[in-house]
Amino acid sequence: MGALWSALGRDRAPDLEELGHYAVAFSQDEWTALVLVGDGEKRFDHFRSLWACKEAYVKARGDASPST
């Protein structure tokens, strides 16, 4: 994924501190799993999977609202 990070002007995956502002969107169990899954690419892959599932669920229910 090095090419992806370069395209985004980054040299690495976001760390937990950078992802921290998303913590409010996750349950305590989800966030704990995210913390424990590892670091770097592995954590970011898990984050994206969780985020995509949440986004799909909200869209399927039809109660999507603008992000804050």
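Right, let's walk through the structure included here.

Rules used in this analysis
Sequence order sets the numbering: in each chain, residues are counted from 1 along the sequence as written. Confidence filtering applies because this is a predicted model: local features only for residues at pLDDT of at least 70, side-chain atom pairs given and counted only at 80 or more, and all residues used for totals across whole chains, interfaces and linings. Hydrogens are left out, water is left out, and the side-chain values use all remaining heavy atoms of the structure. Here the nonpolar core consists of buried residues drawn from Ala, Val, Leu, Ile, Met, Phe, Trp, Tyr and Cys, with membership extended through side-chain atoms lying within 4.5 Å. Exposure is judged per residue with a 1.4 Å probe applied to protein chains only, and the accessible area is read against the type maximum: over 50% gives exposed, under 20% gives buried, and values in between give partly exposed. Strands are runs of DSSP state E lasting at least 2 residues, helices are runs of H or I lasting at least 4, and numbering of each runs from the N terminus. Only Phe, Tyr and Trp rings take part, Trp by its six-membered ring, and two of them pair if their centres are within 6.5 Å. Stacked means planes under 30 degrees apart, edge-to-face means over 60, and tilted covers everything else. Only the stretch in contact is used when fitting a helix axis, every axis being a line fitted to C-alpha atoms; angles between N-to-C directions are given from 0 to 180 degrees. Working rule for angles: under 35 degrees goes down as roughly parallel, over 145 as roughly antiparallel, 65 to 115 as roughly perpendicular, anything else as oblique. For any helix crossing, the convention is left-handed if the near helix is rotated counterclockwise from the far helix by under a right angle, and right-handed if that rotation is clockwise. The criterion used for residue contact is that any of the two residues' heavy atoms lie within 4.5 Å. Side-chain classes are defined by residue name, with Ala, Val, Leu, Ile, Met, Phe, Trp, Tyr, Cys and Pro counting as nonpolar, Asp, Glu, Lys and Arg as charged, and the others, Gly among them, as polar.

Before going further, it helps to examine the nonpolar core. With 8 residues, the main nonpolar core is built from A13, L19, F26, W31, L34, F44, F47 and L50. Counting residues per element, the ones that place at least two in this core are α3 (28–36) and α4 (40–61). Sorting elements by how many residues they give to this core places α4 first, with 3 residues.

Taken as a whole, this structure holds 7 aromatic pairs when the rule is applied. Judged by centre distance (5.8 Å) and plane angle (20°), the ring pair of F44 and F47 falls under stacked. In this pair, F44 and F47 both sit in helix α4, 3 residues apart, roughly one turn of the helix. Residue F44 is classed as buried on the basis of its relative accessible area, which comes to 12%. Between F47 and W51 the ring centres are 5.9 Å apart and the planes differ by 20°, which places this aromatic pair in the stacked class. Within this pair, F47 and its partner W51 are both found in helix α4, separated by 4 residues, close to a single helical turn. Take W51: its relative accessible area is 31%, and that puts it in the partly exposed class. Through a chain of ring-to-ring contacts, three or more aromatic side chains come together here, namely Y22, F26, W31, F44, F47 and W51.

So, on to the packing of α3 against α4. Pairs of packed helices are described in terms of their axes, by the angle between the two and the distance that separates them. Taken N-terminus to C-terminus, the directions of α3 and α4 make an angle of 155°; their axes are 8 Å apart at the nearest point. One element, α3, and the other, α4, form an angle in the roughly antiparallel class. Handedness of the α3/α4 crossing: right-handed. Note on element contacts: α4 touches α3 through R43, H46, F47, L50 and K54, opposite E30, A33, L34 and V35. Class assignment for the residues of the contact of α3 with α4 results in 5 nonpolar, 1 polar and 3 charged.

Geometry only, nothing functional implied.
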